[in-house]
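Working through the structure, step by step
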Amino acid sequence: IDIWSIGVIAFCILSGSVPINGKNKEEIIDQIINRKINFDVPAMKHVSKNAKDFIKAAMMVDPNKRYSAKQLLYHAWMQQQTANDENHADEHTAVS
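Attention here is on the structure that accompanies the text. (Residues numbered from 1 in each chain as written. Predicted model: local features only at pLDDT ≥ 70, side-chain atom pairs only at ≥ 80, totals over all residues. Heavy atoms only, no water.)

Further remarks concern the overall build of the chain. Looking only at helices and strands, the chain has 5 helices and 0 strands in total. The order of helices and strands in the chain, counted from the N terminus, is α-α-α-α-α. For the chain, the residues scored as buried account for 26% of the 96 residues in total. For the chain, the proportion of contacts with a sequence separation of at least 24, taken over those separated by at least 6, is 56%. Summed over its atoms, the accessible surface of the chain is roughly 6700 Å², and 56% of this surface lies on carbon and sulfur atoms. (Helix = DSSP H or I, 4+ residues; strand = E, 2+ residues; numbered from the N terminus. Buried < 20%, exposed > 50% of the residue type's maximum accessible area, 1.4 Å probe, protein only. Contact = heavy atoms within 4.5 Å. Areas by Shrake-Rupley, 256 points an atom, 1.4 Å probe, with all protein chains shown as cover.)

Spelled out as C-alpha cells, the structure:
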C-alpha cells in the first residue's frame, strides 16, 4: 500500500488535487477498485506522459502488477528528473 500512496502523493503534488474523489466511501472504494484515476483535471494537462505513467504504475490496484520501489526509481520519469538535477548541479558548479 505504501507504493500506491506514492502514486497518490505524486498526483497531488503535480496537480494540486486528489486523484480519486467521491461523494461517499463506497464511491471512493469503487473508483479505487476500478482504477478510475481522474487525469482530466486542468492542472494535469501540462503534466508529462512519463509522470502520468509513473502515477499509474504506482497506483495499480493489483499488487502483483504494481511497480516496486526499485522499479519506480528506474522509471523513465525518475531518470529524467535525475538527469535534470544533474544538469542543474553542473550549471551551479560552472558558476561557482
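Moving on, we come to the side chain of Q31. One can find Q31 in helix 2 (residues 25-33). What makes Q31 buried here is its relative accessible area of 15%. Each residue touching Q31, except ones within four places of it in the same chain, is listed here: I20, N21, G22 and K36.

Let's shift gears to the environment of Q80. Counting through the fold element by element, Q80 comes out in helix 5 (residues 76-95). Expressed as a C-alpha distance, the spacing of Q80 and N50, which sit 30 residues apart in the sequence, is 9.0 Å.

If you walk through the whole model with that rule in mind, you get 2 aromatic pairs. With a centroid separation of 5.0 Å and 55° between ring planes, the pair formed by F54 and W77 is classed as tilted. Here the residue F54 occupies a position in helix 3 (residues 49-58), and W77 occupies one in helix 5, the gap between them amounting to 23 residues. Under the relative-accessibility criterion, F54 is labelled buried at 5%. Stacked on the ring of F39, the Lys or Arg K56 has its end atom at 5.3 Å from the ring centre. (Phe/Tyr/Trp six-rings, centres within 6.5 Å; stacked < 30°, edge-to-face > 60°. Lys NZ or Arg CZ within 6 Å of the ring centre and 35° of its normal.)

Side chains that are nonpolar tend, in soluble globular proteins, to be buried together. Counting 19 residues, the largest nonpolar core has F11, F39, M44, F54, I55, M59 and L72 as its most contacted members. Beyond its immediate chain neighbours, meaning those up to four positions away, L72 contacts I3, I6, F54, A57, A58, Y67 and M78. (Core = buried A, V, L, I, M, F, W, Y, C linked by side-chain atoms within 4.5 Å.)

Looking now at the packing of helix 1 (residues 2-15) against helix 3. Relative orientation of the contacting elements helix 1 and helix 3 amounts to 150°, with a least axis distance of 7 Å. By the angle between their axes, helix 1 is roughly antiparallel relative to helix 3. Along this stretch, helix 1 crosses helix 3, giving a crossing that reads as left-handed. Contacts between helix 1 and helix 3 involve I3, W4, I6, G7, A10, F11 and L14 from the former and A51, F54, I55 and A58 from the latter. By residue class, the composition of the contact of helix 1 with helix 3 is 10 nonpolar, 1 polar and no charged. (Axes fitted to C-alpha atoms, helices over the stretch in contact; angles between N-to-C directions. Parallel < 35°, antiparallel > 145°, perpendicular 65-115°, else oblique. Left-handed = near helix turned anticlockwise from the far one by under 90°. Nonpolar A, V, L, I, M, F, W, Y, C, P; charged D, E, K, R; others polar.)

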